[in-house]
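# Analysis of the macromolecular model
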Amino acid sequence: MKFRLTRSLWRVLLLFTPLQAMAEQPIEIQRKNFVIAEQQAASGSWRTVQKWRESLADYPLMPYIEMAYLKNHAFRANEKRINEFLRIYESTPMEWPVRKAWLNYLIEKKDAVAYLNAFKPTSDAHLTCYQHRFELQLGAKIESIADKVADLWGVNKSQPKACDPLFKVWADAGLRTHDMVRARIKKAADGGSHSLIPYLTRLLPAGERKWATAWHRTRRNPATILNSKMVKHSGDKWIEIHAYGLQRLIWRDTERALKHYQRLADKKRFTPAQQAEIAITFGLALASDQHPQALFWLQKIPPEAGTEKTRQWHLATLVRQQSWSRLISFINGLNQEQRAEAGHRYWLARAYHELGDLKKSREIMLEVAGLRHYYGFLAAARLGTKYQLNHDSIQLKPDLEKAVQTAPSAQRAYEFLQLGRDWMARHEWYKFRQTLTKEEQGHAAYLAHKWHWYDQALRGISLAGYNNDVLLRFPKAYQKEFVAASKDIGIAPSLAMAIARRESSFAADARSGAGARGLMQIMPATAKVLAGRKFDTRKLYDPQTNIKMGTGYIKSLIKRMNNSVPRAIASYNAGWGRVQDWRPEQGSMPMEVWIENIPYTETRNYVKAVLAYQQVYEMLEQQPNDIFSRIIEEQVTAND
């Protein structure tokens, strides 16, 4: 007869279990005891902690029992215990829950001396403002901390109310200048909280308030700059608003933005910096929309102001226009590091080939084909040569391997994994990794891989710089589930695994800011449609359920995209409706050119990565499929 012990029965049994026997209990029982102990410590007395310290002394998570008590009992009576705990566990995830509780207690008690002794620099504005308030209370001059207060005040959003008394002292001392107010208005307008601007406007002289209001209106509606009254205003402060508004308007109303720019450029002078910013934004907006003026604006960008994005779109536009001679000139005009990028090398070889210089083209293409990379695979497909994995395993050192595995932080992370508290495991692991050398990070990544903690293994191997250990970088995580679901639905398992690796790094509990969940990052709304019935979205964290839905979804997208896998991959990321809008208006376009011109940077990089990952996963099989030979032959048509 099987039965399960209830939590209350566990507590009863624990009362009658000798401490020595408890200390010798198996790890599974220690884990169950820890959960109970943590709950008891949070609401119990210090004697509760002592009792569990005797029975769980060697259990890696014992300090979390102490933390549970101290953060909920941050009182004067525990001051010595708190300070000792903070000393021992400084720079671990346990430090700040206790420190913050202690600091808030000292704020409540108005204990300036103890607060300043316990305070450490933090991004928490509430606590930092109290630091400076207590410094003033103990005799510091506002002038001595004026720069720090100015930094706190001059952000693009409202600060906590705890900062108001500090800001008042600072302002009353005449340390808040109109230049500071103007700078904060621009920060609030440009990506900050624009609702802050009316308050800031009142801090300016009456004669400058129209300018501040114009910033606010332009942030809310960039077409404000088209108003005839706005155009009449002159001076550097006003032209700055026009430059800002143009960079917002070009994304909303292309033709009006172009016309207004010309109107202003004929009458007013933008600074070189403003002109460069406008050229960058106009170039990106017009290129992503395949506008006829895109190349004109991309060419106006000063070389020193160019970015990775502007170079990508300059290249993509020339490729789409098949302007091979100009493409060669553009790439050869880049600096040495930029010219060496795989994408530039690949398209340079393609340009030479199109212009008939086959020898030069092949020489460059062979070089690119040696890379384990999207462009490396394209190059190898064009040459008909073998794809290269360039695998090079980490050389493990037994002493380092043991040191990493036995480190208290690593043991705590492992125990949290066993308890299903992945977020706490990651917090421990993140702090632990910060203390390691590059070589130690490589060993830590190997350890995470051994634990089947794939997302941390992937992050760790990248940070350690061991990018050629293919078996670590491309784990066959959940292979049984991927193979079963993929074969059942009729897609390549390598495609599903490639998507999961890009989406979540194989973290089953992953959740994006947009709400996508699980291994293949399924949106709850998508899951409900796929299920065709009421669906508990919590099941998306179950690997088998998530994989089944993800493979079904990608299969449906492949069908919708006329069996085009690259376009289905793009749809998985950006939505099939948008991808349909990205078809050529007429005729056809080579798939590799279409990919290069995907308007969304995230989606473009996503498609390239997933295709490359899929090819790698194929090469790890006994009979690999050739993904890229199909890509170089595929066309995207207006009717797809």
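## Considerations on the packing of helix α27 (residues 408-418) against helix α28 (residues 422-433)
Relative orientation of the contacting elements α27 and α28 amounts to 165°, with a least axis distance of 7 Å. Between α27 and α28, the angle is such that the two are roughly antiparallel. For α27 against α28, the interelement crossing comes out left-handed. Residues Ser409, Ala410, Arg412, Ala413, Phe416 and Leu417 of α27 form the contact with α28, whose participating residues are Asp422, Met424, Ala425, Glu428, Trp429 and Phe432. Residues of the contact of α27 with α28, tallied by class, amount to eight nonpolar, one polar and three charged.

## What about helix α16 (residues 236-252)?
One turn of an α-helix holds 3.6 residues; hence residues three or four places apart share an orientation. The terminal C-alpha atoms of α16, which comprises 17 residues, lie 25 Å apart, in line with the 24 Å expected from a rise of 1.5 Å per residue. All of the buried residues along α16 are Trp238, Ile239, Ile241, His242, Ala243, Tyr244, Gly245, Leu246, Gln247, Leu249 and Ile250. Elements that come into contact with the buried residues of α16 comprise α12 (178-189), α14 (209-220), α15 (228-232), α17 (254-267) and α18 (272-288).

## Considerations on the nonpolar core
The biggest cluster of nonpolar side chains holds 88 residues, and the ones touching the most others in it are Leu327, Trp594 and Phe628. Considering each element in turn, this core owes the most residues, 10 residues, to helix α39 (residues 601-619). When near neighbours in sequence (up to four residues on either side) are disregarded, Leu327 contacts Leu315, Leu318, Val319, Trp347 and Ala351. In this structure, Tyr105, Leu127, Phe416 and Leu436 belong to the second largest nonpolar core, which totals 56 residues.

## Topic: the side chain of Asn78
Residue placement: Asn78 occurs in the loop between α5 (62-72) and α6 (79-88). Here His73 takes part through its backbone oxygen, which lies 2.9 Å from a polar atom of the side chain of Asn78. In this structure, Asn78 is in contact with Tyr69, Leu70 and His73, ignoring residues within four places of it in sequence.

## So, the pattern of salt bridges
Using the criterion set out here, one finds 29 salt bridges in the structure. In this structure, the salt-bridge partner of Glu354 is Arg350, at a minimum N-O distance of 3.1 Å. Within this pair, Glu354 and its partner Arg350 are both found in helix α23 (residues 342-354), separated by four residues, close to a single helical turn. You can call Glu354 partly exposed: its relative accessible area is 41%. The partner of Arg412 in a salt bridge is Glu428, with the nearest N and O atoms 2.8 Å apart. Of this pair, Arg412 sits in helix α27 while Glu428 sits in helix α28, placing them 16 residues apart in sequence. Here Arg412 matches Glu428 in class, with each residue buried. Within the structure, one salt-bridge network assembled from shared partners comprises Glu90, Glu95, Arg99 and Lys120.

## As for unusual backbone geometry
Positive phi values are uncommon outside glycine, yet Gln290 reaches one of about 55°. With respect to the helices and strands, Gln290 occurs in the loop between α18 and α19 (294-299). A positive phi is found at Gln521, a non-glycine position, where the angle reads about 50°. Checked against the element boundaries, Gln521 lands in the loop between α33 (493-504) and α34 (524-531).

## With respect to a positive patch on the surface
The grouping of Lys210, Arg217, Lys229 and Lys232 at the surface amounts to a positive patch. For the positive patch, the elements supplying multiple residues, two or more each, are α14 and α15. Along the chain, Lys232 falls in helix α15.

## Examining the side chain of Arg31
Looking at the secondary structure, you find Arg31 in helix α3 (residues 27-43). Look at Arg31 and you get buried, because its relative accessible area is 15%. Those residues in contact with Arg31 that lie beyond four places of it in its chain are Tyr59, Tyr414, Glu415, Gln418 and Leu419.

Calculation rules
Residues numbered from 1 in each chain as written. Predicted model: local features only at pLDDT ≥ 70, side-chain atom pairs only at ≥ 80, totals over all residues. Heavy atoms only, no water. Axes fitted to C-alpha atoms, helices over the stretch in contact; angles between N-to-C directions. Helix = DSSP H or I, 4+ residues; strand = E, 2+ residues; numbered from the N terminus. Parallel < 35°, antiparallel > 145°, perpendicular 65-115°, else oblique. Left-handed = near helix turned anticlockwise from the far one by under 90°. Contact = heavy atoms within 4.5 Å. Nonpolar A, V, L, I, M, F, W, Y, C, P; charged D, E, K, R; others polar. Expected span 1.5 Å × (residues − 1). Buried < 20%, exposed > 50% of the residue type's maximum accessible area, 1.4 Å probe, protein only. Core = buried A, V, L, I, M, F, W, Y, C linked by side-chain atoms within 4.5 Å. Polar contact = N/O pair within 3.5 Å; in protein donor to acceptor, adjacent residues only side chain to side chain. Salt bridge = Lys/Arg side-chain N within 4 Å of Asp/Glu carboxyl O. Patch = residues over 30% accessible without salt bridge, like charges linked within 9 Å, V, L, I, M, F, W, Y side chains within 5 Å. Areas by Shrake-Rupley, 256 points an atom, 1.4 Å probe, with all protein chains shown as cover. Lys, Arg positive; Asp, Glu negative; His and termini not counted. Charge placed at Lys NZ, Arg CZ, Asp CG, Glu CD.

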